[in-house]
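# Understanding the architecture of this molecule
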Amino acid sequence: MIELSHLNKTFQTADGTVDALKDINLTIEDGDIFGIIGMSGAGKSTLVRCINMLERPTSGTVKVGGDDMTALSPAALRAKRRSITMIFQQFNLLMQRTCLKNVCFPMELEGMSKKDAKKKAKELLALVDLPDKAQSYPAQLSGGQQQRVAIARALATNPQVLLCDEATSALDPKTTHSILELIRDINKKLGITVVVITHQMSVVEEICNHVAILDEGCVVEQGDVAQVFAHPQSDAAKKLVFPNGEETVLPTQQDEARLRILFNGSATADKPLIATMAAQHGILANILGASTRAFHEQAFGEMLIGVPLSQKQQTLDFLNTVPGIAVEEVPEDVQ
């Protein structure tokens, strides 16, 4: 388990003091894939670097596996870091070494014999689907292949935690998908806790179980990914979940009731809900606004509709029978 308690990080710059992290409180369970997302400058990279003490917090505590990272001696911290590995956007491979020797490198630093390191490195290259690239150099590989080698190297010390700092930002969408699949597969096979730092909501929705949203150094929202998608509360979350705006509301017509449909993981994303209301029940609904998106083939978000006052109750009765959604009447003075 990773526990961040009242974490603060302040930098002194030529322009004055910068509060990069402000009272961060997060708990990441063992074996989870946890996303930390925010726009540029939100403090994401600073936060992840505080987990392994590459950045030492100004105040607060960081516990990994019950050990307070801020209280460890230099020797104990070096030993603990072997269980917390990291992959980066730019791969950071040693260009003068083959892929095999790149993966061997952290094991050699630990004093493992070259024979044993080579054997394990070959197993790890097979795990990341690059068994035939052992003697290739990083410059001979694609970006996705280089990141796979970086992942294999990160696994060489049998870590408990894998930190991914914008690990797919330099990759095209297809390669990003394959790398995320690999990380998810490693998480399942090895039970490694994964922390994903990203500015891309698509990465969170594809791989993460839980998410924390950072804005100007603060955690403004956190929870189950599906729940955050369904009901984003903070302005930062709404901008990330619905980058094109939450909804554009059209003026209400006379003798029209407004109803808000909340999609809480409904499987109706591919079903014509409004068309069904019209065809099967004769309800002519006017869509006033919508802010919905699909996540794992489920619909989240909300839709605002207008129906004739004479059909309001009929509409409520029908919508209340549809699984995965909730419906509420919106007062006339609410825009």
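Whatever comes next refers back to the structure up there.
Quick look at the structure, then.

What counts as what
- Residues numbered from 1 in each chain as written.
- Predicted model: local features only at pLDDT ≥ 70, side-chain atom pairs only at ≥ 80, totals over all residues.
- Heavy atoms only, no water.
- Helix = DSSP H or I, 4+ residues; strand = E, 2+ residues; numbered from the N terminus.
- Areas by Shrake-Rupley, 256 points an atom, 1.4 Å probe, with all protein chains shown as cover.
- Phe/Tyr/Trp six-rings, centres within 6.5 Å; stacked < 30°, edge-to-face > 60°.
- Lys NZ or Arg CZ within 6 Å of the ring centre and 35° of its normal.
- Salt bridge = Lys/Arg side-chain N within 4 Å of Asp/Glu carboxyl O.
- Axes fitted to C-alpha atoms, helices over the stretch in contact; angles between N-to-C directions.
- Parallel < 35°, antiparallel > 145°, perpendicular 65-115°, else oblique.
- Left-handed = near helix turned anticlockwise from the far one by under 90°.
- Contact = heavy atoms within 4.5 Å.
- Nonpolar A, V, L, I, M, F, W, Y, C, P; charged D, E, K, R; others polar.
- Buried < 20%, exposed > 50% of the residue type's maximum accessible area, 1.4 Å probe, protein only.
- Pairing = 2+ DSSP bridges.
- Right-handed = clockwise from strand over helix to strand, strands pointing away.

### Observations regarding the overall build of the protein chain
Looking only at helices and strands, one finds 11 helices and 14 strands in the protein chain. In the structure as shown, the protein chain presents an accessible area of about 16200 Å², 48% of it carried by carbon and sulfur atoms.

### Points about the packing of aromatic side chains
Across all of its chains, the model carries zero aromatic pairs by this definition. Against the face of Phe11 rests Lys9, its NZ or CZ located 5.0 Å from the ring centre.

### Quick look at the pattern of salt bridges
Applying the stated criterion across every chain, the model contains nine salt bridges. Ionic pairing is found between Glu55 and Lys9, a salt bridge with its closest N-O pair at 3.8 Å. One end of the pair, Glu55, is in the loop between α1 (44-51) and β4 (59-64); the other, Lys9, is in strand β1 (residues 2-13), and 46 residues separate them in sequence. Linked through salt bridges whose partners overlap, the residues forming this network are Lys9, Arg49 and Glu55.

### What about the packing of helix α5 (residues 143-154) against helix α6 (residues 173-190)?
α6 packs onto α5 with a crossing angle of 20° between their chain directions and a minimal axis gap of 10 Å. Compared by their axis directions, α5 and α6 come out roughly parallel. Note on packing geometry: the crossing formed by α5 with α6 is right-handed. Between α5 and α6, the contacting residues are Gly144, Gln147, Arg148 and Ile151 on the first element and Thr175, Ser178, Ile179, Leu182, Ile183 and Ile186 on the second. The residue makeup of the contact of α5 with α6, split by class, is five nonpolar, four polar and one charged.

### A few points about the pairing of strand β8 (residues 193-198)
Burial of β8 is extensive: six of the six residues sit out of reach of the surface. One ladder, built from five bridges, connects strand β3 (residues 33-37) with β8; its direction is parallel. By the bridge assignment for β8, Ile33 is matched with Val194. Here strand β7 (residues 161-165) runs beside β8; their pairing, made up of five bridges, is parallel. Across the sheet, Leu163 pairs through a bridge with Val195, a residue of β8. Traced from β7 through α6 to β8, the parallel crossover comes out right-handed.

### Notes on the sheet that holds β4
Pairing in this open sheet of four strands is antiparallel, and the strands run β2-β1-β4-β5 from one edge to the other. Each edge of the sheet is formed by a strand with only one pairing partner; in this case those strands are β2 (16-28) and β5 (67-68). Against the sheet, α1 touches β1, β2 and β4, its axis set at about 120° to β1.

The values are spatial; any link to function lies outside them.
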